[in-house]
Amino acid sequence: MLGGVFHAATLFLVAAGLQLVFGVQRIVNLACGSFYALGAYFGVSMVKWALDAGAPQLLLLAILLASGVLLAAIGPVVERVLRTIYGRDESFQMLLTFALVLMFEDVIRFFWGTSPHQMGNLYLVYGQLKAGDLTIPVYNFIVIAAGGLIAALMGGMLRRTRWGRIVRATAENPRMSAALGVDITRVYVRVFTLGTALGTVGGALVIPVTAAMTEMGIDLIVEAFAVVVIGGLGSMRGAFAGALIVGVLRAVAIATYPEVEMLAIYLVVIAVLVIRPAGLFARAAT
Amino acid sequence: MTTTRRNFLKGLGGAAVAAGARLDAAPAFAQSGPIKVGALVIKAGVGALPGEYGLRGTQWATDRINASGGILGRKIELLIEEESSPKDTVERFRKLALQNKVDVIVGVISTGVGLAIGQVAEELKTLWLAWDGTTQKGVEETMPTPKYAFRSVDNEAEAVMSSILTAKYFRGKFKTVAGLNPDYSYGRDNWAAFLAIMKKYNMGVTPVTDLWPKLGTTDFTSHVAALQQAKPDLIFSSLWAADVSIFLKQAHAAGMTANTKFVFPVAGLVHETLKKAFTPAGMILGYNTMYFEMANPSPLLRQFTRDHYEKYKEWPSYESDHAYFVIAAYKAAVERAAKAIGGKWPSTDQIIQALEGIEVESLSGMRSYRKDHIMEANFYQGLTTYKNKYDFVTIEPVEVMTTKQIQKPSGVGLYDWINSWKV
């Protein structure tokens, strides 16, 4: 079960980025998977650089978070490219953002090569917890806590801050917001950068547990879509619930009937599409 | 000058002679230009890693041959196309064969793509020397008696060798076994072969679970939890990409590597990722047909390993050997066929005839093609050790088996062959 929650935490960060950008800008951004992959690669490089420069291993988490946030600087650049297709048909947007996915794969190959990158055993730098026969690395709990904390912060920011209200208003009616003096372009840039940061931080956070490989983003996009369909496109609460459902369902299937791992997830997707097509929490940017 | 009838006829005669000379010269021109070698290389997804190693082996072989004067004086020119889906790769194969008019096509790693390419190679009468991608299912049906397609070693050979080594090293030391294999025909066939051999060797072991992660999985926490629940004494896994180190890292973090035995028939592809920090010593690890750290390497392997490290800052992997071999075999076959016909450039049929049964030195020792167009080679596996200068594991002792021992003979089913063993 804990394995499922851990998976859900990383899945949530990518799906949340997808949700936020769609909720506000109406862009189906497949490149959110690439941000996750780039975050992982950049995280490995930054940690290696920092440790070589004499940083203590215990700073691992801080270095990774910083690298994820730093890398989010690519957000405004990508948003500038996507600005040309606001309001275009969704299939067109998906094609363009998928092209970005392929381009980012080449960028990764150019800078980091095709071999997987990882960071040895740093995963265990914060120790392990023992419960009976089970041994669980503390880092797993850190990722889960980070996922939960980011979800709470996102919720709080969107609901309780002035900027959050502006974002929600822009999501509901961009023209009216603009008429009331909201700088829509700036809101879009910031929202997209925040969505990018969710992906890059997610990739950076998960890298000690896994290994960075070029295709890791594409795999996650597919799962993130299942999350979005279950939770409802554009809903932050939906991303949280959808990620939990997909993560836990996957873990239970692997433990009981490993053959039906994918089947179980997509049965739920189909059920949601049939019974509640808009998803469990279908409300834009809430 | 006015043109007289005599001058005109002279000119006409000269032109005819020149034209005749050009007609005669046409084949000579074709034989004196570069040899066009098409290469189908995976560049995206999980397969990009072996694809890259294959390309490195091809380029090293090509540079080496060109530096020594080419094949019968002709340099090799590489034309690289991408291996992706079967449909798209077939189109690129056609382009190489029909538009680029290549002399030979090398490459392809995926079995699914290979099955499609095998058929089109026969249809276009284009020589194709595969690097890899030869799981059992479908190969006999799709390519029963290939003429233009030359296949790699059977993919199950490494699982057969690992299973034999499991019986040798771990007999009586485990009672329960779990499988963790990629969810496609290769993973399924390897697990089935392992269980069949355990039965054949009367190992008396019970499978407690079999898990089927998707190829290239990056999160094994749920699989590790399921394995902790099943408590197997030994885990057999034919994972081969970055997923091997991810699984081992997560299994180690969960305390599983201390008392569980592991068998990884082909994880040597990503040997540098198997860090000592989380990879247990004493597990069976396979390097397919090339082990970079041989105690007494051949001069060829020593040179390749050195060049590879200098250029890429990585220690080489076996896919380079498959790729090197097909180029070396092609060169040897052309030279052998040419010798038989007085030094002229041989036809494709003559090259094919020369390839059948050919034996040449590869990076892993002598390798050959059987008469049924399947490769024969040595396989290298052993028990992991920390006794080396690297931060990753190597193997000691190094066990070597030939495909004569671990690859089913022509015309026999894999399981019929295993059942026929006398153990």
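Everything that follows concerns the structure shown earlier in this document.
The model shown is predicted, which means the values in this text are computed figures rather than measured ones.

Some points on the interface of chain B and chain A
Argument step 1. On the chain A side, the residues contacting the 38 residues of chain B number 38 residues.
Argument step 2. Note on chain B versus chain A: buried area summed over both sides is about 3000 Å², and carbon and sulfur give 53% of it.
Argument step 3. If you look at where chain B meets chain A, you find 1 salt bridge.
Argument step 4. With a shortest N-O distance of 3.2 Å, Glu-259 of chain A and Arg-188 of chain B are connected by a salt bridge.
Argument step 5. Where chain B touches chain A, the interface holds 15 residue pairs in polar contact (both at pLDDT 80 or more).
Argument step 6. Elements with a minimum of two residues in the side of chain B that touches chain A: helix 2 (48-67), strand 7 (206-211), helix 8 (221-230) and helix 9 (243-253) of chain B.

A word on the packing of aromatic side chains
Argument step 1. Applying the stated criterion to the full structure yields 30 aromatic pairs over all chains.
Argument step 2. On the numbers, 6.2 Å between centres and 90° between planes, the contact of Phe-35 of chain A with Phe-192 of chain A is edge-to-face. Taken as a pair, Phe-35 of chain A in helix 2 (residues 32-52) and Phe-192 of chain A in helix 9 (residues 184-206) lie far apart in primary sequence, 157 residues in all.
Argument step 3. By relative accessible area, Phe-192 of chain A is classed as buried at 2%.
Argument step 4. Over the face of the ring belonging to Tyr-312 of chain B we find Arg-56 of chain B, whose NZ or CZ atom lies 3.8 Å from the ring centre.
Argument step 5. We note Lys-261 of chain B situated over the ring of Phe-170 of chain B; from NZ or CZ to the ring centre the distance is 5.4 Å.

Some remarks on the sheet that holds strand 5 (residues 149-150) of chain B
Two orientations exist for strands paired in a sheet by backbone hydrogen bonds: parallel and antiparallel.
Residue and element names in this part refer to chain B.
Argument step 1. Across the sheet, 5 strands lie side by side as 2-1-3-4-5; this open sheet has parallel pairing. The strands lining the two open edges of the sheet, one partner per strand, are strand 2 (76-83) and strand 5.
Argument step 2. Two elements, strand 1 (residues 35-42) and strand 2, share 8 bridges in a ladder whose sense is parallel. Residue Ile-35 lies in a different strand from strand 2, and its bridge partner there is Ile-76.
Argument step 3. The strands that helix 3 (residues 86-99) touches are strand 1, strand 2, strand 3 (104-107) and strand 4 (128-129); relative to strand 2, the one it contacts most, it runs at about 160°.

Regarding helix 4 (residues 74-82) of chain A
Residues and elements named next belong to chain A.
Argument step 1. Within the sequence span of helix 4, burial applies to Gly-75, Val-78, Glu-79 and Leu-82. For helix 4, the angular spread of buried residues about the axis comes to 105°, placing them on one side.
Argument step 2. Of the surrounding secondary structure, the elements contacted by the buried residues of helix 4 are helix 1 (2-25), helix 2, helix 5 (90-112) and helix 9.

What counts, and at which threshold
- Residues numbered from 1 in each chain as written.
- Chains lettered and ligands numbered in written order.
- Predicted model: local features only at pLDDT ≥ 70, side-chain atom pairs only at ≥ 80, totals over all residues.
- Heavy atoms only, no water.
- Contact = heavy atoms within 4.5 Å.
- Buried area = accessible area lost by both parts, 1.4 Å probe.
- Salt bridge = Lys/Arg side-chain N within 4 Å of Asp/Glu carboxyl O.
- Polar contact = N/O pair within 3.5 Å; in protein donor to acceptor, adjacent residues only side chain to side chain.
- Helix = DSSP H or I, 4+ residues; strand = E, 2+ residues; numbered from the N terminus.
- Phe/Tyr/Trp six-rings, centres within 6.5 Å; stacked < 30°, edge-to-face > 60°.
- Buried < 20%, exposed > 50% of the residue type's maximum accessible area, 1.4 Å probe, protein only.
- Lys NZ or Arg CZ within 6 Å of the ring centre and 35° of its normal.
- Pairing = 2+ DSSP bridges.
- Axes fitted to C-alpha atoms, helices over the stretch in contact; angles between N-to-C directions.
- Arc of directions from axis to C-beta.

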